[in-house]
Amino acid sequence: MQENEVLIKVEGLSKKFCKDLKTSLWYGVKDLYNSVLRRDSSDSLRKNEFWAVKDISFELRRGECLGLIGHNGAGKSTLLKMLNGLINPDQGKVTIKGRVGALIELGAGFNPILTGRENIYNNGAVLGFSKSEIDSKVEDIIDFAEVREFIDMPVQNYSSGMKVRLGFAIAAQMEPDVLIIDEVLAVGDLAFRMKCYTHLMKVMSKNVAIILVSHSVVDIMRLCSVVATLEKGKSIFQGNVEKGVSIYNNLANKESKDSSIISAKILSDDEENDFYTGDDINFQVDINSEFYIEKARILFHLEYSNIRLSSISSKYSEFNFDIKPGLNSFNFQIKNTPLLVGGYLGRFELYGESLKDYIASANFVSFNIVGPKVDYSGFGICHTIKLEHEFTFI
Amino acid sequence: MELKTTVYQKENNTKIGKLLKNSLNDIFTSRFLAKQLAIRDIKSQYRQSFLGIIWAFITPLTTALVWIILSKTGTVTLTDTGIPYPVYVFSGTLLWSILTESINAPMVNTNAARGMLSKINFPKEALILSGVYKLISNSLVKIALLLFFLLLYGVGFHFSIFLFPFAFLGIIFIGTTIGLFISPLGMLYNDIGKIVNLGLGFLMYATPVIYVIPKDGFLKTAMEINPLTPLILITRNLMTGQSLDYLMYYFIVSIGCIPIFLLGLVFYRISIPIIVERMSA
């Protein structure tokens, strides 16, 4: 067994979906007809169709974990379904080596009126275990799921957390070469989630290739070695986790209303606006006014994943100025930036003297903090802000 | 250890022989899953019901009762069937219900597994096999009832009854074969299931279920062409020990069904990913 052999190879993978149900069903009949007669249907989009996944390629080796991030409808789940062989690609090719395990639906095959124990056998069988394998693992499963007390009760009386725990415990018994995980870590209480992480870490250490879909930046940063950021079915970034997450953070409000009055940009040698925690970040704000604006104010807002982290007015530092007709340029500097890895958005606004004197907003300027590495396992510093701090003995 | 390599792509140029081999292989390896699914469904079916087993034969029984009353009261005059009419009509409707359930089973089972199909990759053939298991288990009750009627009406047992189990499995086999072909389309459109059941309702009257094949006329031709006629007729006559007419046609139908069944498996295997794509749960 080679240490770093490629387990998953995806080449130009694409899938089309149909927006309209009636049309979709009819295309289904046509596809059925074509594939039974072994004829190739056309590659082009038919009426009402769109590319749910378009031209995705990547390779994944043993011990690597690929995070797929993107907003709803970006094509993550469709991609996973193709990797898992549930649906066939419309273009491209997937080559997978070894046993594939999928944590996509926990507790598939559960019947609500049967007991937990009976359902372990049902779900286990669906996941491909043999009877003797389940017999030998059933006690481990019950312990892992922490449901021993209720194991002979019908599953319909379980809390949703218990159901999920039982489902995960069964699935955790798989020993795959390739593990596909879809958003299942988001469920359960904190203690159980930590247990799942520990389990996944253990799995990873056994040289498994993992593909993880999650909306949680924390999960991605905690587990993944590389990421692919998806938007509208396309992969817009592949590679380094920090950068990929930054791009994902800033995806939400890409469309910027350009104003002819006020515009802003980051002054940096680096075209991508990548910085490190602790860097000074310089912005240039240009205001092109037709009027004279007395005692004007500039506001700076800082956002992270649609959350406003901070707003600063020029009045705070008693930076007083009037705007003259024509071009007025300012420099704004964030000193010793206390932000941690992620993508951030800045926006400048121009106001007059009083509260209600709103004049204009500038375009969003985005920048990324791409390092140093953060640590989500509790041995370093993580999330958004690096606080000045000190531990001492009393 | 060499790892198994799986390839998924659009150009599905796998040979039919290869597909069939994979399909048969999956049937074989999924025995445990199929059994587990069957046990799950049978258990839950009885655990959530008071009358339980009665539902398995109540429909054919009521149909039979209607006809017994119709014939007893002289409302309809039926040709002599050679055995007591209640036995004739009970056996007819019970065997017919086994056949219609077999035809519906692949579609019903695949439909019930929608959630699983769109989330988990498992051998789909297990659904077919578990359907067969469930059919056998449900039918055993019906057959026991039938044997009881044989005794009750003094028809008694004949040696030919030892061949009955094979004929019974034949009904399930032929029904499942038909089911394999209708289930993919039936998964896409609800209409298919309804049309099939409507059609079977009519077809029953063109099969010797309630009355024997008439001496002449249109119905005679229709019934003699109907490939289900020998199926019902031979199976029933094996049980009651009557003469085995249409034996030749019976063999043609059953043996001819084998290649069609294999073709059905291939069709089912090809169609599932296409269906899953359209029903994403």
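Since the structure is predicted, the reported quantities are computational estimates derived from the model, not experimental observations.

K.L.:
Just to check I follow, could you spell out the overall build of chain B for this structure?
P.N.:
Along the backbone of chain B there are 11 helices and one strand. Mapped from its N terminus to its C terminus, chain B presents α and β elements in the order β-α-α-α-α-α-α-α-α-α-α-α. Evaluated residue by residue, chain B yields a buried proportion of 53% over its 281 residues. A separation threshold of at least 6 residues defines the contact pool for chain B, and within that pool the share at least 24 residues apart is 76%.

K.L.:
What should I look at first to understand the interface of chain B and chain A in this one?
P.N.:
Note on interface size: it is often stated as the accessible area lost on association of the parts. Between chain B and chain A, the contact holds 41 residues from the first and 61 residues from the second. For the pair chain B and chain A, the summed buried surface comes to about 4500 Å²; carbon and sulfur atoms form 60% of the total. Three residues, Tyr8, Lys10 and Arg278 of chain B, lead the burial of chain B against chain A; their summed loss comes to 19% of the area buried on that side. The interface formed by chain B and chain A holds four salt bridges in total. In this structure, Glu118 of chain A engages Lys43 of chain B in a salt bridge whose closest nitrogen and oxygen atoms are separated by 2.6 Å. Across the contact surface, chain B and chain A share 12 residue pairs in polar contact (both at pLDDT 80 or more). Looking at the side of chain B that touches chain A, the elements with two or more residues in it are strand 1 (5–9), helix 2 (31–47), helix 5 (114–117), helix 7 (164–188) and helix 11 (247–279) of chain B. Taken together, the residues of the side of chain B that touches chain A break down into 19 nonpolar, 13 polar and nine charged.

K.L.:
Mind showing me how you'd approach the nonpolar core here?
P.N.:
Proteins that are soluble and globular tend to have nonpolar side chains buried together. In terms of nonpolar packing, the biggest core is built from 142 residues, with Ile8, Leu83, Leu166, Phe283, Phe348 and Phe367 of chain A touching the most fellow members. Ranked by residue count, the leading element in this core is helix 11 of chain B, at seven residues. Not counting residues up to four positions away in its chain, the partners in contact with Phe367 of chain A are Asn250, Ile266, Asn273, Phe275, Ile281, Phe283, Leu302, Leu339, Gly342, Gly343 and Tyr344 of chain A. Formed by 54 residues, the second largest nonpolar core is a distinct cluster that contains Ile68, Val155, Phe168 and Ile174 of chain B.

K.L.:
Is there a simple way to explain the sheet that holds strand 16 (residues 326–334) of chain A in this structure?
P.N.:
Adjacent strands of a sheet form backbone hydrogen bonds with each other and so pair up, either parallel or antiparallel. All names here are of chain A. In spatial order, the strands read 10-12-16; together these three strands make up an open sheet with antiparallel pairing. Lying at the two open borders of the sheet, with one neighbouring strand each, are strand 10 (262–267) and strand 16. On average, adjacent strands in this sheet sit at an angle of 20 degrees to one another, irrespective of strand direction. Examined bridge by bridge, strand 10 and strand 12 (residues 281–289) share six bridges and lie antiparallel to one another.

Calculation notes
- For every chain, the first residue of the written sequence is number 1, and numbering continues from 1 along that sequence.
- Chains carry letters from A onward and ligands carry numbers from 1 onward, assigned in written order.
- Totals for whole chains, interfaces and linings use all residues, but because this is a predicted model, local features are given only for residues with pLDDT of at least 70 and pairs of side-chain atoms are given and counted only at 80 or more.
- For side-chain calculations, the full set of non-hydrogen atoms in the structure is used, while hydrogens and water are omitted.
- Per the convention used, a helix needs a DSSP run of H or I reaching at least four residues, while a strand needs a run of E reaching at least two, with both numbered from the N terminus.
- Throughout this description, buried means an accessible area under 20% of the type-specific maximum (1.4 Å probe, protein chains only), exposed means over 50%, and partly exposed covers the range between.
- In this description, contact between two residues means that some pair of their heavy atoms is separated by no more than 4.5 Å.
- Here's the idea: put two parts together, see how much 1.4 Å probe accessible area each one loses, and the total over both is what we call buried area.
- For this document, the term salt bridge refers to a Lys or Arg side-chain nitrogen within 4 Å of an Asp or Glu carboxyl oxygen.
- For the purposes of these results, a polar contact is taken to be a pair of N or O atoms within 3.5 Å, where, inside protein, one atom must be able to donate a hydrogen and its partner to accept one; residues adjacent in sequence count only when each atom of the pair is a side-chain atom.
- In this classification, the charged set is Asp, Glu, Lys and Arg, the nonpolar set is Ala, Val, Leu, Ile, Met, Phe, Trp, Tyr, Cys and Pro, and all remaining amino acids, among them Gly, are polar.
- Nonpolar cores are built from buried Ala, Val, Leu, Ile, Met, Phe, Trp, Tyr and Cys residues. Side-chain atoms within 4.5 Å join them into one set.
- DSSP bridges decide pairing: two strands pair if at least two such bridges lie between them.
- Axis lines are fitted through C-alpha atoms, for helices just across the contact stretch, and the angle between N-to-C directions can take any value from 0 to 180 degrees.

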